Amino acid sequence: MPAKSDIAIHARGLTKCFGALRAVDGVDLTVTRRQVYGFLGPNGSGKSTSIRMLCGLLTPTSGEIEVLGLRIPEQAEELRQHIGYMTQQFSLFADLTLRENLEFLAAVQNMPRRQAVQRVDELLQEYHFEGRADQLAGTLSGGQRQRLALAGSVIHKPELLFLDEPTSAVDPESRRDFWEKLFELADAGTTILVSSHYMDEAERCHRLAILDRGRLVADGSPAELTGALQGRTLEVRAERPRQAKRVLVQVPGVLSAAQIGNSLRVLCDESGDCGARVEQAFADAGVSAVVEPIAPSLEDVFVAATNQPVDQLNAEPS
Amino acid sequence: MNWRRLWAVVIKELRQLRRDHITLAMIVGIPVMQLMLFGYAINLNLRHLPAAIADQALTSGSRQLVMDMLATGVIEPVASARSPQQLMEMLRRGEISVGVVIPQDFEQRLATGEEAVQVLVDGSDTVVQSAAKQLAQVPLTYMPAEPRQSSVPLPPARISVVSFYNPQRVSAINIVPGLIGIILTMTMVMFTSVAIVRERERGNMELLIATPVSSAELMLGKVLPYGIIGLIQTSLILLLGMLLFEVPIRGSVWDVYWSAILLIFANLSMGLLISTRAQSQFQAMQMTFFFFLPSILLSGFMFPFDGMPAPAQWLAEILPLTHFLRLIRGIMLRGADFGELWREWLALLVFIVVMMTLAIARFRKRLD
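Residues numbered from 1 in each chain as written. Chains lettered and ligands numbered in written order. Predicted model: local features only at pLDDT ≥ 70, side-chain atom pairs only at ≥ 80, totals over all residues.

For the record, the criterion: UniProt positions are given in the numbering used here, feature names are shortened, and annotations may be inferred rather than shown by experiment.
As recorded by an unreviewed UniProt entry, chain B carries the name ABC-2 type transport system permease protein and is attributed to Microbulbifer marinus. Of the comments in the UniProt record for chain B, the one headed Subcellular location (unreviewed entry) reads "Cell membrane".

In the nomenclature of an unreviewed UniProt entry, chain A is known as ABC-2 type transport system ATP-binding protein of Microbulbifer marinus.

Some words on the overall build of chain B
Basically, it comes down to this: What counts as a helix is a DSSP run of H or I of at least four residues, what counts as a strand is a run of E of at least two, and both are numbered from the N terminus. In this scheme every C-beta is placed from the backbone, and a residue whose C-beta has 20 or more other C-beta atoms within 10 Å is buried, one with 12 or fewer is exposed, and one in between is partly exposed. Contact between two residues is assigned when their C-beta atoms, built from the backbone, lie within 7 Å.
The helix and strand inventory of chain B stands at 16 helices and 4 strands. Sorting the 368 residues of chain B into buried and exposed places 40% on the buried side. For chain B, contacts bridging at least 24 residues in sequence account for 78% of all contacts bridging at least 6.

Remarks on the overall build of chain A
The helix and strand tally for chain A stands at 11 helices and 14 strands. For chain A, the spread of C-alpha atoms along the three principal axes comes to 75 × 45 × 40 Å. Taking contacts inside chain A between residues at least 6 apart in sequence as the whole, the part at least 24 apart equals 68%.

Concerning the domain arrangement of chain A
Rule in force here: All the domain ranges listed were derived from an automatic or database domain assignment.
Considered domain by domain, chain A is made up of domain 1 (4-226) and domain 2 (231-295). Taking only C-alpha atoms into account, the centre of domain 1 of chain A sits 40 Å from that of domain 2 of chain A.

Structural notes on the interface of chain B and chain A
Stated precisely, the cut-off is as follows: Asp, Glu, Lys and Arg are counted as charged, while Ala, Val, Leu, Ile, Met, Phe, Trp, Tyr, Cys and Pro are counted as nonpolar; the rest, among them Gly, fall into the polar class.
Listed as interface residues are 21 residues of chain B and, on the opposing side, 20 residues of chain A. Those elements that provide at least two residues to the side of chain B that touches chain A are α1 (3-19) and α10 (204-209) of chain B. Among the elements that line the side of chain B that touches chain A, the one with the most residues is α1 of chain B, at 7 residues. For the side of chain B that touches chain A, the per-class residue count stands at 7 nonpolar, 5 polar and 9 charged.

Focus on the nonpolar core
For clarity, the cut-off: Joining buried Ala, Val, Leu, Ile, Met, Phe, Trp, Tyr and Cys residues through C-beta atoms within 7 Å gives a set, and that set is a nonpolar core.
Ranked by size, the top nonpolar core spans 161 residues in total, and within it L54 and F162 of chain A carry the most contacts. Broken down by element, this core gets its largest block of residues, 16 residues, from helix α9 (residues 172-202) of chain B. If we ignore the near neighbours within four places in the chain, the residues touching L54 of chain A are I9, A11, I65, V67, I72 and F162 of chain A. Of all hydrophobic cores here, the second largest spans 25 residues; its members include A51, I53, A57 and L110 of chain B.

A word on the pairing of strand β4 (residues 62-67) of chain A
All names here are of chain A. Just so we agree on the cut-off: A pair of strands is labelled paired if DSSP reports no fewer than 2 bridges between them.
When strand β1 (residues 7-18) meets β4, the two strands line up antiparallel, connected through 5 bridges. Across the sheet, A11 pairs through a bridge with I65, a residue of β4. Summarising the sheet, β4 and strand β5 (residues 70-72) pair through 3 bridges and their orientation is antiparallel. Each residue of the ladder has a partner; that of I65, found in β5, is I72. Following β4, the chain reverses through 2 residues before pairing antiparallel with β5; L68 in that reversal takes a positive phi of roughly 50 degrees.

So, the sheet that holds strand β10 (residues 215-220) of chain A
All names here are of chain A. For clarity, the threshold we go by: Interaxial angles span 0 to 180 degrees and are taken between N-to-C directions of axes, which are lines fitted to C-alpha atoms, for helices over the stretch in contact.
Read from one edge of the open sheet, 6 strands run β6-β7-β8-β3-β9-β10, paired in mixed fashion. For this open sheet the edge positions go to β6 (83-86) and β10, each flanked by a neighbour on one side alone. Pairwise comparison of adjacent strand axes, ignoring direction, gives a mean angle of 15 degrees for this sheet. Judged from the 4 bridges that link them, strand β7 (residues 160-163) and strand β8 (residues 191-196) form a sheet pairing that is parallel. Within β8, the position partnered with L161 by the bridge is I192. Helix α5 (residues 142-153) rests against β6 and β7 of the sheet, and its axis sits at about 160 degrees to β6.

Brief notes about the packing of α1 of chain B against helix α11 (residues 215-245) of chain B
Residues and elements named next belong to chain B. Our working rule: Here the word oblique covers every angle except those under 35 degrees (roughly parallel), over 145 (roughly antiparallel) and from 65 to 115 (roughly perpendicular). By definition, any crossing whose near helix is turned counterclockwise from its far helix by less than a right angle is left-handed, and any crossing with a clockwise turn is right-handed.
Between α1 and α11, the least distance of the axes is 8 Å, while the angle of their chain directions is 40 degrees. Considered as vectors, α1 and α11 are oriented oblique to each other. For the pair α1 and α11, the crossing hand works out as right-handed. On α11, the residues touching R5, L6, V9, V10, E13, L14 and L17 of α1 are E217, L218, L220, G221, K222, L224 and P225. In terms of residue class, the contact of α1 with α11 is made up of 9 nonpolar, 1 polar and 4 charged.

Some thoughts on helix α11 (residues 298-306) of chain A
Burial of α11 of chain A is extensive: 9 of the 9 residues sit out of reach of the surface. Directly beyond the C-terminal end of α11 of chain A, a positive phi value near 60 degrees is found at N307 of chain A.

Let's talk about the packing of helix α3 (residues 98-108) of chain A against helix α4 (residues 113-126) of chain A
All names here are of chain A. Two elements in contact, α3 and α4, have axes separated by 10 Å at closest approach and are oriented at 130 degrees. Comparing the axis directions of α3 and α4 gives the class oblique. Remark: the crossing between α3 and α4 carries right-handed chirality. For the pair α3 and α4, the contacting residues are L98, R99, L102, E103, A106 and A107 in the first and A116, R119, V120, L123 and L124 in the second. Residue composition of the contact of α3 with α4, by class: 8 nonpolar, no polar and 3 charged.

Some remarks on unusual backbone geometry
Residue and element names in this part refer to chain A. With an omega of 10 degrees, the peptide bond between I72 and P73 qualifies as cis. Looking at the element boundaries, P73 is found in the loop between β5 and α2 (76-79). We note that H128 has phi near 60 degrees; this positive angle belongs to a residue other than glycine. Along the chain, H128 falls in the loop between α4 and α5. Phi is positive for K157, close to 50 degrees, though the residue is something other than glycine. Residue placement: K157 occurs in the loop between α5 and β7.

Some points on the environment of T15 of chain A
Residue and element names in this part refer to chain A. Mapped onto the fold, T15 is located in strand β1. When the C-alpha atoms of T15 and K181 are compared, they prove to be 32 Å apart, with 166 residues separating the residues in sequence. When neighbours within four sequence positions are excluded, T15 is seen to be in contact with R22, V24, D25, G26, P60, T61, S62 and G63.

Points about the sheet that holds strand β13 (residues 263-268) of chain A
Residues and elements named next belong to chain A. The sheet built from 4 strands is open, its strands ordered β12-β13-β11-β14 with antiparallel pairing. Two strands lie at the open edges of the sheet, namely β12 (254-260) and β14 (289-293), each paired on one side alone. Averaged over all adjacent pairs, the angle separating strand axes in this sheet is 25 degrees, with direction ignored. Where strand β11 (residues 233-238) and β14 come together, 5 bridges link them in antiparallel fashion. For V236, the partnering residue across the bridge sits in β14 and is V291. In the packing of helix α10 (residues 274-285) onto the sheet, contacts are made with β11, β12, β13 and β14, and the angle to β14 comes to roughly 180 degrees.

Written out as structure tokens, the structure is:
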């Protein structure tokens, strides 16, 4: 257990109800400083609601929150100078130029004028906006907008940064650049809480929490989470994968079978000895297939934790 | 209150406004358009009603009466007729709004005090009806008495006609001061209520409330630029009113501006209150009209305040426009000074304080 001062966020029994819907349901969370902490979950799993409660924008129905040693929501106003928040939707002003946007944010963060001008120039350069300072923010591409929004959220060098699905509408290259920036910030001592529904992004986090329908279903470092599934993942290579899949879903203990090209990725439950049963089933059905153990991935972690196939992860909430 | 943050919000708002060409056009367009509409088109001082006169008497007295009626400018002959039947047909076809029948025995009827002239009116338009009824009343009430008084009947009639036709003299001079109030009420409430709701719709608000900027800074910063716009509009209407309609400012110009500033902030605080309630820009517009309609109908701009039933008057006393109209008419037309009208500006001040407090209290730096 790290020392108290090392904890950036501590939440216990965090719950938020909207009418009859429990959007967030009893989430316990501890985020240590200087980490990139990931929130992984499908749309509607309570990621945004949790983040909004943690930065004091929503009042929890119940539960306790302490962020940077401040009690939330009571001391939310005090917290605001120490955090940066990047909303899911682009929330800078489309009809202001890049420089005007950043200058405005510097001013509302109480930065003295001279210092603000300097900081804005610095950020424009650091975030590759040289020569575009007088362009309207509304004319930027998706990836550029997110970069600008990130620059805006760190203008006052916050200790803690909340990023709500910052890369959900961004091309892969921009996503890579964006994550480079996040690690630079983390190296400089910023704690970052970032939500995502991309598995590859989740793998890059120091620690992550998996949310499903408002509940926290797993948390730990990516290695811990995948390590817990050791021996429960198989790869099946078959000439006719769809036929093989029909056999697989009948086998007791098989949680999911996802086709990847010509092979199938199989996740089994904790009962063990799953491989033998799968091979037996193929033999009984007269299907020729090669079954081999494979290293578990975060996708498997997600499926195991939520009991739902991973391709639903990116689907809209029902 | 942090001045740096407040100023940042003001500058941001002005920069956005500079790029919003539609709003900029409305700032100037609404006052100019309304002024033209009310000043020229909506002339409650009815003139040039299409008319036809069937003079069956054809005496010098009847001709003199016709000339006199035409001289008022209320009616304008567009056709000639010989009989009442012809006039009725023309009325039905909508060719004329007023028909005048002078019977053959006109002089005789005058002498005996009988109804000497008949005025036929197109009653489908109530405004025309009431105007023409007044026209009809003049010769009927005046003429019977006249032969006994004088042998030269008509010159005095012309004088009495003028004062009779327009007892209230509703004209541009009367309308322009009120119009300042109408335009400020419409644009100020609308601009502020929409400006804040728009930020909420576009997601800017979520970013803003996660920063240290306070509710009061945010609200005042949004309101101040629109206050300046309101003063520009006021100046525009005053200037056009003076140039086009020769509207006088009998009191002090400063008093006019003080009144305008009070009304502007009363309406801005109303707009802010609406914005804390409205979920979408459309709702903000709806609520703006919910406030604007009673303002225009009950404030005394359209109908005389004293003629309204008591409950309507109580309601009108709550509306800032009612008090502003009393202020501005007093200052501009009667030459009253600000001090004499203390009740009115005090009422406006109270309205501002109450609405602004409610708005800031209702505005939560929260999403729920």
